[in-house]
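Chain by chain, the residues:
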Amino acid sequence: MKTEFTKRQLRNADTQLANDIFRRCVHCGLCTATCSSYVVLGDERDSPRGRIYMIKEMLETGAAPDQTLTKHMDRCLSCFSCMTTCPSGVDYMHLSDLARQEIEEKGHRSLRVRMMRSLLSETLPYPKKLAVSLWLGKLARPFRSLFKAIGFKEMHAMLELMPKKMKRSAEFAGGGTARPLGQQHKRVLLMTGCAQKVIRPSINDASIRLMARQGIEVVIPKNIGCCGALDQHMGREKAAVQHALRNLKIWQAEEEHGPIDGIIMNTSGCGTTVKDYGHLLSKQKGIAEEVERLTEKVFDISEFLMNSDLRTAEQWTDLKVAVHMPCSMMHGQKITHQPADLLQNAGFTVMTLDEAHICCGSAGTYNILQPEIATSLGERKAEHINRVKPDIVATGNLGCLTQMSHYSSTPIVHFIELLDWAYGGPCPESLEHFQNRVDKLAKD
Amino acid sequence: MGIFSKLQDKIKSAVPRSVIRDLSELLSEDQIVLDQSGLKAYETDALTAIKVIPFVVVMPHTTEEVAAIAAISHKYSIPLVPRGAGTSLAGGAIPLSNAIVICLSRMNRILDIDLTNRTATVQAGVTNLAISAAVDRDGFFYAPDPSSQLSCTIAGNIAMNSGGAHCLKYGVTTHNLLGVKMVTAEGEVLDFGGPYYDPAGYDFLSIITGSEGGLGIVTEATVMLRPKPEGARPLLLGFDTHDAAGDCVAAIIAAGHLPVAIEFMDKPAIHSCEKHANAGYPLDVEALLIIEVEGSEEEIDVGIQQILRIASQFNPSHKRVAQTKEEAAAIWLGRKSAFGALGRISEYLCMDGVIPLSKLSHVLAKITEICKSYKFDVANIFHAGDGNLHPLIMYDANRPGEFERVEKCGAEILELCVLAGGCITGEHGVGVEKRELMGLQFDETDLYNQMRIKLIFDPNWDLNPDKVFPLEIAEKFREEEMIKPQGDNQ
C-alpha cells in the first residue's frame, strides 16, 4: 500500500517499522475472513485490514488515537489468525503493539475501563496479589449481577469467569528443582505462569512429573516473574521490558549452576511473548546477541517433548480427545501439529474441531474486558465441540481452558495433564469419572 | 492526467442531514458508521490506489432493511454502493461520490441446504468458501473458486460474475447460479430464477449476474451444489520458456482434454508464492503449470498420463505429481495466495484480460515487451486453461506519477488482449479500474444499449454509479436519455 510519511517522520524507528509493514499489505482482505472479531462483528473496522488502515491514518497524520481506533483496537483479540492467513507476511503483531502503545499513552478510555485494566495489570502477574484478589473475588462473587446492573460489565465478567474452587498450591510453587527419575539427560527451566500456578497448579505438577520421568531435571527458578505479555498487550511497553529484563537475569543466574537445554513454556500465551523478547528488547543497547542466544532455547513444552521418545504401544484408553490449539500456539508460534501428535502417540483418539483457527474468546484478559464478543466466541467454540462430541478437549493455555470450561460441558484440560496420565501420572482431577472406563478396557 | 483524477470533482455535494435521520430511525447505532476515521476504513477495497470517503456506511441484517435503505437512497437520490468483503481488484466497492455504502457482510447466514435438489440458498454476505464448507461433510461443493474465495462474498461474486482456477471445467458464477432475491433501486424486493435450471420467461438472472451492483442489490442467492469428485491431484510442469508452457496448454486443450484447472505462473510469481506456501515449486524454471485432474484413482492416473504424453513434446524441465492431500493443498495454497504473496515483493496493478488460447505465447511475449518499455517488472499468474490472464505489473506506489504510468501500461496490455480477439475482463469486472477501457471493446451504440438496461432498473442512476461505463459517454447518455431525478431533494 502507498504510504504518506515525511522523511522526518521516518527517522523515528517505530514509524519506519510501521511504514515497512504498511508497504507489504496489499489490502486484499483475505485476513478479514479468519479474523476472530470480524467473524462475529462483520465490520471492516473490526478486521485486521480495517485496523491497519486506521493505524496508518493515525500515524501519517500524527494525530492522537481517537475513540474509533481505540474501540476497534480494543476489540482485537491479538489471536493473530490474520498472520497465518496473510500471504504477504504483514507483521500485524508488531503493528498492533505500536498502536496499543499510542493508545495507552495518548488515547482516551473511560475511567471504568482504565480502572479495570490497571486492576488486571496489577494483580494477574503477581501470584500473591492474585491469590488475595481471588479470595476477595470469592466474597464479591454473589453480588456479580449487581455490577452488571450498574454497567460495570467487565467486573461482572471477571467474577463470572473466576474459578469457583481454589486449588491447593503446587509443590514447587515457590521455586525449586525436581530431580529426574533415573539417569539425567537434560536440564531445563520451567516457566510456570503467574496465574497458572495459582489457578491450576496441576498443569505445572504434570509438566514436572512428566519431564522428570523422562530423565530431565526441571528447575523452577525462584522469583521468576511475569513474562511481560499482559503489559505488552495492554500497550505498557516499559513495564513489559522490565519484566523481560528481570527474567533474562534470572535465566543467566541459573545457567551458572549448569547448562540449560531448554526454557520450557506450558502457557502458550506467555510463550509467544518470550520467544519474541528479541523484538521487545530491541531498543536496549548491547544485549541483542545474548537475548537471541537465550530465546533460541525457549520451547513450548509440546515442541520440546517431540524430541523425547514418548510413545505407547498398548491400547490403554479409548478416550476421544478434541485438540483446541490456542491461537498463541497456532498463530503466534506456528506450532500446529505437536500436541495432537503427542496425544496420538500416547494412545488417545485425536479429533479436530471445525473453525479451529478462530479464537475461543479468552485471549488473555479479553474475556474480561470485552465480555460480549468473548461470549459469542465462547458459545461458537462450544457449538463446534458439541458437533464432534469428544470425551475431552485438550488445549495448551490456561486462558483457553478457563474460557471453554465456562461455555462447554465437556471437560477441558491441558494436554500435558493427559500426557502425564498416559505415561504413569495420576488421572487429572476433572477426568476422574473416566478412570473406570480406562480400568475396564485394561481388564478386557 | 490519470483517468481517475476526475473522480475527485464529483465528491462533496451536500447531502441533507435528514438522510442520517431516516437511517437512524431504521437501524440501530452499531449498524451505522458516521465517524470520520471509521468511514476512512471504507474508502477503498483491494484497489487501494483509488479512494473516496463515503458519506455514511450502513450494515443491514435483513432484506427488509436493505429495501428500506434503498428506498431512502431513492428518496433523496443519493448514490448507493453495495459492498461485500471489499476484495474487488477493479474497485467495485469504492464509493466514487458522496455515497451510502451498504455493507452486506453481516448478512452471513446460510438459509437452506437442499441436497436432494443440489442447491443452497444463502444470504448475500456469506463467503464463497463458507458455502462449500457447509456441505463439505455431505460430499458437495460450490464450484466457482476465485482466489479470494476465503473472504469474498457470494453477492460480490454475482456482481462481478467471478471465476476461478477450477472454472475451466465447471464454468463461472453465472453457470452455477440458479436464483437471486434482489432489492431494486426503489426498494422493491424481487425474485429472479429459483431452484431450477430454466426459469420461465426472459432470463433476467443472466443480466443481473455481472451487473456490478448497478441494477439492484442482491440479498439472497440460490446456487448449484456439485458432488465432490472422488479425488483430485495437481500435477506440476516446469518449462524453460513461457512459449513452451503456453504452447503446452494450447496443445492439451486442442487434444480434447479438459482438466479441472490449468494454471500458469512465471518465475517472479513462483518465487513469491513459494515463500508463503512452501509448496515445493521448482524455483529454477521460467514458467510453471499447475494442472489438476480429478475423478477416481484410475481416471486420475489415465488423465495424468495423457497430459504428460502431450507435455513431453514441449520438453518440461520439471515434472511432479502431488502424492498426498497435504502436497496438493500446499500447491493450491500457493496459487490461491499469489496476489497477496506478491505483496512481499512490490505493489502491483493486477490486470484481468482474456485472450484466445491460440494467442497465448504471442501475447505473453508482447506483455513482457510492453512492461519493459515502461521499465516495470511483471509477474504473470493466470488461468491458462481458459485464457484468462492476470499480469501483475509491479510499481512503487510511493513514487509520484507511478500510478498514472502503470495504468497506461495496463491499458496497453488490455488493448493487446482485445486486438488478439479477447476482452478486457475475465472475472474481476470492470469497476472503476477498466471503466474508460470499455471503449476498446464496445462502440458508443453498444454502450448506450447497455446503459439503457441500467436505466430501466435504476431510473435515478443511483446504484453504484460512475462504474463500468466511460465517464464522458455515461454523462452524455444521461443528459440525453434520463428523465430528471424524481427524488424530493430540494
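Here the structure is a predicted model, which means the values were calculated and not measured.

Calculation notes
Residues numbered from 1 in each chain as written. Chains lettered and ligands numbered in written order. Predicted model: local features only at pLDDT ≥ 70, side-chain atom pairs only at ≥ 80, totals over all residues. Helix = DSSP H or I, 4+ residues; strand = E, 2+ residues; numbered from the N terminus. Rg over C-alpha atoms; globule rule 2.2 N^0.38 Å. Buried ≥ 20, exposed ≤ 12 C-beta atoms within 10 Å, placed from the backbone. Contact = placed C-beta atoms within 7 Å. Nonpolar A, V, L, I, M, F, W, Y, C, P; charged D, E, K, R; others polar. Domains from an automatic or database assignment. Pairing = 2+ DSSP bridges. Axes fitted to C-alpha atoms, helices over the stretch in contact; angles between N-to-C directions. Expected span 1.5 Å × (residues − 1). pLDDT = per-residue confidence, 0-100. Parallel < 35°, antiparallel > 145°, perpendicular 65-115°, else oblique. Left-handed = near helix turned anticlockwise from the far one by under 90°.

Chemist: Talk me through the overall build of chain A; I want residue IDs and the actual numbers.
Modeler: Counting its secondary structure elements, chain A contains 27 helices and 9 strands. Taken over the C-alpha trace, chain A has a radius of gyration of 22 Å; the compact-globule value for 444 residues is 22 Å, and the two agree within 12%. For the C-alpha atoms alone, the extent of chain A along its principal axes is close to 70 × 50 × 45 Å. Per-residue burial over chain A gives 50% buried out of 444 residues. For chain A, the proportion of contacts with a sequence separation of at least 24, taken over those separated by at least 6, is 75%.

Chemist: So what's going on with the overall build of chain B? Residues and values would help.
Modeler: Of the regular secondary structure elements, chain B holds 17 helices and 20 strands. In terms of overall dimensions, chain B is globule-like: its C-alpha atoms have a radius of gyration of 23 Å, near the 23 Å expected for 490 residues. Counting only C-alpha atoms, chain B reaches 70 × 55 × 40 Å along its principal axes. Relative to its 490 residues, chain B shows a buried fraction of 52%. Looking at chain B alone, contacts between residues at least 24 apart form 73% of all its contacts between residues at least 6 apart.

Chemist: Please give an account of the interface of chain A and chain B that cites residues and values.
Modeler: Facing the 27 residues of chain A at the interface are 30 residues of chain B. Secondary structure elements with two or more residues in the side of chain A that touches chain B: α3 (30-34), α5 (48-61) and α6 (67-74) of chain A. Take the side of chain A that touches chain B: its biggest share by element is 4 residues, from α5 of chain A. Per-class residue counts for the side of chain A that touches chain B are 11 nonpolar, 9 polar and 7 charged.

Chemist: Any details on the domain arrangement of chain A? Residues and values, ideally.
Modeler: All names here are of chain A. The assigned domain composition of chain A is domain 1 (7-106), domain 2 (111-161), domain 3 (176-305) and domain 4 (320-443). Here domain 2 and domain 4 have C-alpha centroids that lie 26 Å from each other. On the domain 4 side, the residues contacting the 7 residues of domain 2 number 7 residues. Considering every element that reaches the side of domain 2 that touches domain 4, the biggest residue donor is helix α12 (residues 153-161), with 5 residues. Considering only residue class, the side of domain 2 that touches domain 4 consists of 5 nonpolar, no polar and 2 charged.

Chemist: Give me the lowdown on the sheet that holds strand β8 (residues 392-395) of chain A, citing residues and values where you can.
Modeler: Strands belonging to one sheet form pairs held by backbone hydrogen bonds; the direction of such a pair is parallel or antiparallel. Residues and elements named next belong to chain A. Read across the sheet, 4 strands follow the order β7-β6-β8-β9 without closing on themselves; strand pairing throughout is parallel. The open sheet has two edge strands with one neighbour each: β7 (349-352) and β9 (412-414). Each strand axis lies, on average, 40° off the axis of its neighbour in the sheet, ignoring direction. Together, β8 and β9 form the strand contacts of helix α25 (residues 398-407), whose direction differs from that of β9 by roughly 170°. Each of β6 (320-323), β8 and β9 is contacted by helix α26 (residues 415-422), which is oriented at about 75° to β9, the strand it contacts most.

Chemist: Got a sec to walk through the sheet that holds strand β3 (residues 80-83) of chain B? Specific residues and values, please.
Modeler: Residues and elements named next belong to chain B. Spatial strand order, β1-β2-β4-β3: 4 strands in an open sheet with mixed pairing. Every other strand in the sheet has two partners, leaving β1 (32-33) and β3 as the edge strands with one partner each. In this sheet, strand β2 (residues 56-58) lies alongside β1 in antiparallel orientation, the contact comprising 2 bridges. Of the residues in β2, the one forming a bridge with Ile32 is Val58. Set on the sheet, helix α3 (residues 63-76) makes contact with β2, β3 and β4 (100-103); between it and β4 the angle comes to about 170°.

Chemist: Outline the domain arrangement of chain B, supporting the account with residue identities and numerical values.
Modeler: Residue and element names in this part refer to chain B. Looking at chain B, the domain boundaries give domain 1 (1-228), domain 2 (231-339) and domain 3 (346-437). Placing the centre of domain 1 and that of domain 3 at their C-alpha centroids yields a distance of 26 Å. Between domain 1 and domain 3, the residue contacts involve 24 residues of the former and 19 residues of the latter. Considered class by class, the residues forming the side of domain 1 that touches domain 3 number 16 nonpolar, 7 polar and 1 charged.

Chemist: Break down α5 of chain A for me, with residues and values.
Modeler: Given a rise of 1.5 Å per residue, 14 residues ought to cover 20 Å, and the 20 Å separating the end C-alpha atoms of α5 of chain A matches this to within 8%. Of all 14 residues in α5 of chain A, 11 are buried; the element is thus mostly enclosed. Turning to α5 of chain A, its buried residues are Pro48, Arg49, Gly50, Arg51, Ile52, Tyr53, Met54, Ile55, Lys56, Met58 and Leu59 of chain A. Tucked inside the fold, the buried residues of α5 of chain A contact α2 (13-24), α3, α6, α7 (81-85) and α8 (92-106) of chain A together with α2 (36-40) of chain B. Taken from the residues just after α5 of chain A, Gly62 of chain A is the one with a positive phi, measuring 75°.

Chemist: Explain the confidence of the model for chain B to me, using residue names and the numbers behind them.
Modeler: Residue and element names in this part refer to chain B. Mean pLDDT for chain B: 92, with 96% of residues reaching 70 or above. The low-confidence segment residues 1-13 (pLDDT under 50) makes 18 contacts with residues lying over four places distant or belonging to another chain. Prediction confidence for the complex, expressed as pTM and ipTM, is 0.92 and 0.91 respectively.

Chemist: How would you explain the environment of Val406 of chain B if you had to name every residue and give the values?
Modeler: Residues and elements named next belong to chain B. Among the structural elements, Val406 can be located in helix α14 (residues 402-419). In this structure the C-alpha to C-alpha distance between Val406 and Tyr395, which are 11 residues apart in sequence, comes to 7.0 Å. Every residue in contact with Val406, bar those within four places of it in the chain, is listed here: Leu349, Phe376, Ile393 and Tyr395.

Chemist: Can you tell me about the pairing of strand β16 (residues 347-350) of chain B, naming the residues and giving the values?
Modeler: In the case of a regular strand, side chains alternate between the two sheet surfaces. Residue and element names in this part refer to chain B. Covered by surrounding structure in β16 are Glu347 and Leu349 together with Tyr348 and Cys350, the residues of both alternating faces. Pairing geometry for β16 and strand β20 (residues 391-395), over 4 bridges, is antiparallel. Paired with Cys350 across the two strands is Leu392, which belongs to β20.

Chemist: Break down the environment of Pro259 of chain A for me, with residues and values.
Modeler: Mapped onto the secondary structure, Pro259 of chain A falls in the loop between α16 (237-255) and β4 (262-265). Distance from Pro259 of chain A to Gln435 of chain A, taken between C-alpha atoms, is 39 Å for residues 176 residues apart in sequence.

Chemist: Go over unusual backbone geometry with me, naming the residues and quoting the values.
Modeler: Residue and element names in this part refer to chain A. In this structure, Glu355 takes a positive phi of about 55° despite not being glycine. Within the secondary structure, Glu355 is located in the loop between β7 and α23 (366-369). For Glu355, a count of 15 C-beta atoms within 10 Å translates into the label partly exposed. Notably, Lys389 is not glycine yet its phi reads approximately 45°, a positive angle.

Chemist: Break down the environment of Thr3 of chain A for me, with residues and values.
Modeler: Along the chain, Thr3 of chain A turns up in the segment before α1 (7-10). Judged by the 19 C-beta atoms lying within 10 Å of it, Thr3 of chain A is partly exposed. For Thr3 of chain A and Asp231 of chain A, which are 228 residues apart along the polypeptide, the C-alpha to C-alpha distance reads 30 Å. The contact partners of Thr3 of chain A, leaving out residues within four places of it in the chain, are Asn19, Phe22, Arg23, Lys56 and Glu60 of chain A together with Asn398 of chain B.

Chemist: Can you tell me about the pairing of strand β12 (residues 231-239) of chain B, naming the residues and giving the values?
Modeler: All names here are of chain B. Burial analysis of β12 places 7 of its 9 residues in the buried class, the great majority of the element. Of the pairings in the sheet, the one linking β12 to strand β15 (residues 318-321) comprises 4 bridges and is antiparallel in character. By the bridge assignment for β15, Gly238 is matched with His318.

Chemist: So, α3 of chain B: which residues are in play, and what are the values?
Modeler: Residues and elements named next belong to chain B. Its 14 residues place the ends of α3 20 Å apart at the C-alpha level, agreeing with the 20 Å of an ideal helix rising 1.5 Å per residue. All of the buried residues in α3 are Glu65, Val66, Ile69, Ala70, Ile72, Ser73 and His74. In this structure, the buried residues of α3 make contact with α1 (17-26), β2, β3, β4, β8 (177-183) and β10 (217-224). Positive phi appears at Ser77, one or two residues downstream of α3, with a value of about 50°.

Chemist: Give a description of the packing of helix α22 (residues 338-345) of chain A against α26 of chain A that names residues and reports values.
Modeler: Residue and element names in this part refer to chain A. Their axes nearest at 10 Å, the elements α22 and α26 cross at an angle of 20°. Classified by the interaxial angle, the pair formed by α22 and α26 is roughly parallel. Pair α22 / α26 crosses with left-handed handedness. Between α22, through Pro339, Leu342 and Leu343, and α26, the contact on the second element is made entirely by Phe415, Leu418 and Leu419. Of the residues contributing to the contact of α22 with α26, the split by class is 6 nonpolar, no polar and no charged.

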